[in-house]
Amino acid sequence: MTAAGKERRAPASEATKIHSKDVCVFYGQKQALFNVALDIPERQVTALIGPSGCGKSTYLRCLNRMNDVIEGCRVTGTIALDGENIYETKLDVVMLRARIGMVFQKPNPFPKSIYDNVAYGPRIHGMSQSKADLDEIVHGSLERAGLWNEVKDRLDSPGTGLSGGQQQRLCIARAIAVSPEVILMDEPCSALDPIATAKIEELIDELRENYTIIIVTHSMQQAARVSQKTAFFHLGNLVEWGETEQIFTSPRDERTQGYITGRFG
Ligand SMILES: Nc1ncnc2c1ncn2[C@@H]1O[C@H](COP(=O)(O)OP(=O)(O)OP(=O)(O)O)[C@@H](O)[C@H]1O
C-alpha cells in the first residue's frame, strides 16, 4: 500500500477501543510486565515493537485472555473493551475471543477443508440459519481476506494444502468469519516470504477500515508500513507509545531511540 493510498482513507477514529492500565503479568514468581498503561484506538493498526523477551506477546495475549490457559500465569490491573472489564469473573471468555480474534505467527489451519476452516467459528457460534447463510459468510470472509479468487474452485480441498501465505490469509478469513471487532496478530508474517508478506500487509491496511488491529512485529519497517500507532516495550515496561511517525522520527525516550536506530535489539 502506498502512502498515497493511506491518505485516501477517511481520518482515523481516535475513540479508544481497548483501555489498559496498571497491567502486570507474572509467570509464577517472575514478573513479565510492569504497570502497562496503553489505549488502543478503534479501527487503527497499533504495532507492538521491542527487543525479544520484552513482553509484546504477553501483553497481546492479555487482550483476549489467552494467558488464562498458561499455567502459573497471573494478570493484574485493568483491561477494558468498550469500557467493559474483560477480566470480570462473569465474563464469557468464548464470546470475548469471538469479539477479539487472533492470528498466530505460524499459519495454523485446522486439518479440514478450506470451507470448513472458515465455517467452523460461525457453526459453533450458531451464526447461520441455513447452508446458504453459511456459504455467504464463508464467501464474504474469504473475499475480505483477499483469498476468494485463489480458492473458489477448491473449497473442499484441505486448508493445509495451501501455500504459507495463503494459509495465513485463510487464518485471517477464519478470524473474520465470526465478525470480531478486534484482531490480534502475533508476528503474522514471520513465517512468510516477502511476496506473501506484502500481501498480508496490504490486507492489514484494508482491514483497518472495519477492525481494530494490534500487531506484534520484529520488523520496524513493517511497523512503519502498516501501523498508525506504535508502542515500544523494553524489559516488561511500555516505554512510550504514540503516532507511528512520531515514534520513528522523534522518539522521546533514549531506549526507543536506541532500538529504532539498531543500537540494540
Ligand atoms: N509461558 C511462559 N512461562 C514463563 N515465562 C514466560 C512464558 N512466556 C513468556 N515468558 C517470559 O516473559 C517474558 C516476556 O516474553 P514475551 O514472549 O511476551 O516477549 P516478546 O517480546 O513477545 O518476545 P519475542 O519477541 O521473543 O517473541 C520473557 O522473559 C519470557 O521468557
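Residues numbered from 1 in each chain as written. Predicted model: local features only at pLDDT ≥ 70, side-chain atom pairs only at ≥ 80, totals over all residues. Heavy atoms only, no water.

## Topic: the overall build of the chain
We count it as follows: Numbering of helices and strands runs from the N terminus, with a helix taken as a DSSP run of H or I at least four residues long and a strand as a DSSP run of E at least two residues long. It is over C-alpha atoms that the radius of gyration is taken, and the globule rule equals 2.2 Å times the number of residues to the power 0.38. Under the convention used here, a 1.4 Å probe and the Shrake-Rupley method define accessible areas, while residue burial counts only the protein chains that appear.
Secondary structure assignment for the chain yields 11 helices and 10 strands. Its C-alpha radius of gyration of 18 Å places the chain within 12% of the 18 Å reference for a compact globule of 265 residues. With respect to the principal axes defined by its C-alpha atoms, the chain has extents near 55 × 45 × 35 Å. Of the roughly 12,500 Å² of accessible surface on the chain, 50% is carried by carbon and sulfur atoms.

## Re the site of the ligand
Test applied: We call a residue near a molecule or strand when any one of its heavy atoms sits within 4 Å of it. N or O atoms closer than or at 3.5 Å make up a polar contact, with two conditions inside protein: a donor-capable atom paired with an acceptor-capable one, and, for residues adjacent in sequence, both atoms drawn from side chains. Note that Gly is not counted as nonpolar here; it falls among the polar residues with everything else outside the nonpolar set of Ala, Val, Leu, Ile, Met, Phe, Trp, Tyr, Cys and Pro and the charged set of Asp, Glu, Lys and Arg.
Close to the ligand lie 15 residues; S52, G53, K56, T58 and H218 are nearest. G53 has a polar backbone atom sitting 2.8 Å from an oxygen atom of the ligand. One of the side-chain N or O atoms of K56 is found 2.7 Å from an oxygen atom in the ligand. Alone, the ligand offers 640 Å² of accessible surface; in the complex the protein occludes 65% of this. Taken together, the elements giving at least two residues each to the shell around the ligand come down to β2 (30-41) and α2 (56-62). Here the shell around the ligand takes four residues from α2, the largest share from any one element. A breakdown of the residues in the shell around the ligand according to their chemical character gives five nonpolar, six polar and four charged.

## Topic: the UniProt feature "domain: ABC transporter" (unreviewed entry) in the chain
Quick note on the threshold: UniProt positions are given in the numbering used here, feature names are shortened, and annotations may be inferred rather than shown by experiment.
Mapped onto the present numbering, the UniProt feature "domain: ABC transporter" (unreviewed entry) falls at residues 18-260. Note that residues 18-260 is 37% helix and 27% strand, and that its end C-alpha atoms are spaced 26 Å apart.

## What to know about the layout of surface pockets
What counts is decided by this rule: In this analysis the probe radius is 1.4 Å and the grid spacing 1 Å, with only protein atoms considered; a cavity is a set of points the probe fits into but cannot get out of, a pocket is an open set with protein on both sides within 12 Å along at least five of seven lines, and lining residues have an atom within 4 Å of a point. Grid points are joined across faces, edges and corners, and a volume is the space filled by probe spheres set on the points.
Of the pockets and cavities examined, the largest pocket occupies roughly 490 Å³. As for the largest pocket, its lining consists of 20 residues, and the residues nearest its centre are R97, G101, M102, F110 and R174. Looking at the lining of the largest pocket, the elements that each hand over two or more residues are α3 (93-99), β6 (100-103), α4 (114-124) and α7 (164-176). Looking at which element gives the most residues to the lining of the largest pocket, the answer is α3, with four residues. Residue composition of the lining of the largest pocket, grouped by class: 13 nonpolar, five polar and two charged.

## Description of the nonpolar core
We count it as follows: Residue types Ala, Val, Leu, Ile, Met, Phe, Trp, Tyr and Cys, when buried and joined through side-chain atoms within 4.5 Å, form a set referred to as a nonpolar core. Buried means the residue's accessible area, taken with a 1.4 Å probe over protein chains only, is under 20% of the maximum for its type, while exposed means over 50%, and partly exposed covers the values in between.
In terms of nonpolar packing, the biggest core is built from 43 residues, with L142, I172, M185, I204 and I213 touching the most fellow members. Counting residues in hydrophobic clusters, the runner-up holds 28 residues, among them L38, M66, V182 and F233.

## Points about the environment of L81
So the rule is basically this: Contacts were defined at the residue level, with two residues in contact if any of their heavy atoms lie within 4.5 Å.
As for its position among the elements, L81 is in strand β4 (residues 73-81). Classification of L81 by relative accessible area gives buried; the value is 2%. Distance in space between the C-alpha atoms of L81 and V182 is 9.6 Å, their sequence separation being 101 residues. In this view, L81 contacts K17, I18, I86, L96, R99, I100 and V182; residues no more than four positions away in its chain are not counted.

## Details of the pairing of strand β10 (residues 237-243)
Both faces of the sheet carry side chains from a regular strand, because those side chains alternate between them. Note the threshold: Strands pair, by our definition, only if DSSP identifies at least two bridges between them.
Sheet topology note: the strand β9 (residues 229-234)/β10 ladder contains six bridges and is antiparallel. Note on β10: the bridge partner recorded for H234 is N237. The loop that links β9 with its antiparallel partner β10 comprises two residues; one of these, L235, has a positive phi angle of about 45°.

## Some words on the packing of helix α5 (residues 131-144) against α7
Condition: Where helices are involved, their axes are fitted lines through C-alpha atoms of the stretch in contact, as for all axes, and angles between N-to-C directions lie from 0 to 180°. Angles below 35 degrees are treated as roughly parallel, those above 145 as roughly antiparallel, those between 65 and 115 as roughly perpendicular, and all remaining angles as oblique. Whether a crossing is left-handed or right-handed is set by the direction in which the near helix is turned from the far one by less than a right angle, anticlockwise for left-handed and clockwise for right-handed.
Closest axis-to-axis distance for the α5/α7 pair is 8 Å, and the angle between their directions is 130°. In terms of orientation, α5 lies oblique with respect to α7. For the pair α5 and α7, the crossing hand works out as right-handed. Contacts from S141, L142 and R144 of α5 reach α7 at L170, A173 and I176. Per-class residue counts for the contact of α5 with α7 are four nonpolar, one polar and one charged.

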